[in-house]
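# Inside the fold
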Amino acid sequence: MAFVIRHPLHTGIAIASCLLLTACGSLTGGSTAPPFRDPNLSMQSAQESMAVGRTTQAEVLSALGPATEIHFDSGYSVWVYRARPAEPDADRAELVILFVPSGVVKKTRLRPASAH
């Protein structure tokens, strides 16, 4: 899935909005698939495996597997990995990765699942 932002002045706002919205959003359907290629990999370990300014999209894809992707005309992209919740309708932990146009990690954010 790809979203396209047409106006270059709004790219920064769109990136910030996507990072904020991913903190609130969750996928529906109760998927039982693990968020990463390695089902034993924790969100924290996945985030720690990336070096800001050095790790590439190809390396992230190889290590973690496919993600939900959002692409911008500016060349930036955001990848989101959401953990399977322990209970149905529970909040999901998520790892959000921002890539610069060259395909290198610019920033990561880990949002743990909220305790209910």
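Rules behind the numbers
Residues numbered from 1 in each chain as written. Predicted model: local features only at pLDDT ≥ 70, side-chain atom pairs only at ≥ 80, totals over all residues. Heavy atoms only, no water. Pairing = 2+ DSSP bridges. Helix = DSSP H or I, 4+ residues; strand = E, 2+ residues; numbered from the N terminus. Axes fitted to C-alpha atoms, helices over the stretch in contact; angles between N-to-C directions. Contact = heavy atoms within 4.5 Å. Phe/Tyr/Trp six-rings, centres within 6.5 Å; stacked < 30°, edge-to-face > 60°. Buried < 20%, exposed > 50% of the residue type's maximum accessible area, 1.4 Å probe, protein only. pLDDT = per-residue confidence, 0-100.

This brings us to the sheet that holds strand β2 (residues 77–82). Strand order across the open sheet formed by four strands is β1-β2-β3-β4, with antiparallel pairing between neighbours. Every interior strand has two partners, whereas the edge strands, β1 (68–71) and β4 (105–111), have only one. Between one strand axis and the next, the sheet turns through 15° on average, direction left out of account. Summarising the sheet, β1 and β2 pair through four bridges and their orientation is antiparallel. By the bridge assignment, Ile 70 is partnered in β2 with Val 78. Sitting on the sheet, helix α3 (residues 57–64) touches β2, β3 (94–99) and β4, and the angle it makes with β2 is about 10°.

Overall, the coordinates contain two aromatic pairs when judged by the stated rule. Plain terms: the ring middles of Phe 36 and Tyr 81 are 5.3 Å apart, the flat faces sit at 45° to each other, and that makes the pair tilted. With a gap of 45 residues between them, Phe 36 in the loop between α1 (11–24) and α2 (43–48) and Tyr 81 in strand β2 connect regions that are remote in the sequence. Residues Phe 36 and Tyr 81 agree in their burial class; the two are buried.

Below, the discussion takes up the confidence of the model for the chain. Per-residue pLDDT for the chain averages 78, and the proportion of residues at 70 or more is 66%. Below a pLDDT of 50 lies the segment residues 19–32, which in the model reaches 21 contacts outside its immediate sequence neighbourhood of four places, other chains included.

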